[in-house]
Amino acid sequence: PFTPGIMQAMADHILRVLHYADVNKRRLTFVVVIPSASKDNPSDKDGAAVVKKAASCSFESMVSSSHCTKHIRLRAREHGYVEGSQHLRPTMYKQSSYDTSVIILQSVEAMNEVSGGNTLEQLEMDLRRTFASRHKEELNDRKRKRKSQC
């Protein structure tokens, strides 16, 4: 995700397509989930900071765009994911080591539409609940199962 050329191409394409949607009065929404790359990110670590700095141009172009209706930062350790190599590990879930950004980019027509009464604030609460780390919960479940087997 922090390959600067790929991230810049993605950001440019999304913003170009949103401009096209605006010109043609179309509803269009993108939800971009990427590691946070803002310059003021307090969880930056050593070598990762160099890569993030290079990727921050595309990140900043998305969050500063007039199409950005919401930027949600999920703090490291407060959210998690299912690891791709879960079949090789004793646990399925992993806590994130870095902040993650969920960026909502919309055309003007999409911004003006309220879908089923849902608000961006409700979306943020739902996303935070969905992305919440389940790693500790999984470890506690494993401990309970081991105790019950004894």
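Conventions adopted
Residues numbered from 1 in each chain as written. Predicted model: local features only at pLDDT ≥ 70, side-chain atom pairs only at ≥ 80, totals over all residues. Heavy atoms only, no water. Helix = DSSP H or I, 4+ residues; strand = E, 2+ residues; numbered from the N terminus. Buried < 20%, exposed > 50% of the residue type's maximum accessible area, 1.4 Å probe, protein only. Contact = heavy atoms within 4.5 Å. Areas by Shrake-Rupley, 256 points an atom, 1.4 Å probe, with all protein chains shown as cover. Pairing = 2+ DSSP bridges. Axes fitted to C-alpha atoms, helices over the stretch in contact; angles between N-to-C directions. Salt bridge = Lys/Arg side-chain N within 4 Å of Asp/Glu carboxyl O. Core = buried A, V, L, I, M, F, W, Y, C linked by side-chain atoms within 4.5 Å.

## What about the overall build of the protein?
- Counting its secondary structure elements, the protein contains 5 helices and 5 strands.
- Start at the N end of the protein and walk to the C end: the helices and strands fall as α-β-α-β-β-β-β-α-α-α.
- For the protein, the residues scored as buried account for 32% of the 150 residues in total.
- Restricting to contacts in the protein with at least 6 residues of sequence separation, those with at least 24 account for 74%.
- If you sum the accessible surface of the protein, you get close to 9600 Å²; carbon and sulfur atoms cover 54% of it.

## What to know about the sheet that holds strand β5 (residues 100–106)
- Spatial strand order, β1-β5-β2: 3 strands in an open sheet with antiparallel pairing. Of all strands in the sheet, those with a lone pairing partner are β1 (29–35) and β2 (68–74), marking the two edges. Direction aside, neighbouring strands of the sheet carry axes that sit 15 degrees apart on average.
- Alignment of β1 against β5, held across 7 bridges, turns out to be antiparallel. By the bridge assignment for β5, P35 is matched with T100.

## So, the pattern of salt bridges
- Per the counting criterion, the structure on display carries 5 salt bridges.
- Because the salt bridges share partners, they merge into one network encompassing K70, E124 and R128.

## Thoughts on the nonpolar core
- I14, V32, I34, F59, M62, I103 and L105 are the most contacted members of the largest nonpolar core, which totals 13 residues.
- Of all the secondary structure elements, the ones that give two or more residues to this core are α1 (4–23), β1, α2 (46–63) and β5.
- The greatest single-element share of this core, amounting to 4 residues, is contributed by α1.
- Once residues lying within four places of it in the same chain are set aside, the contact partners of M62 are M10, A11, V32, I34, C68, I103 and L105.
- I72, V102, I104 and L127 belong to the second-largest nonpolar core, a separate cluster that totals 5 residues.

Geometric values such as these leave the question of function open.
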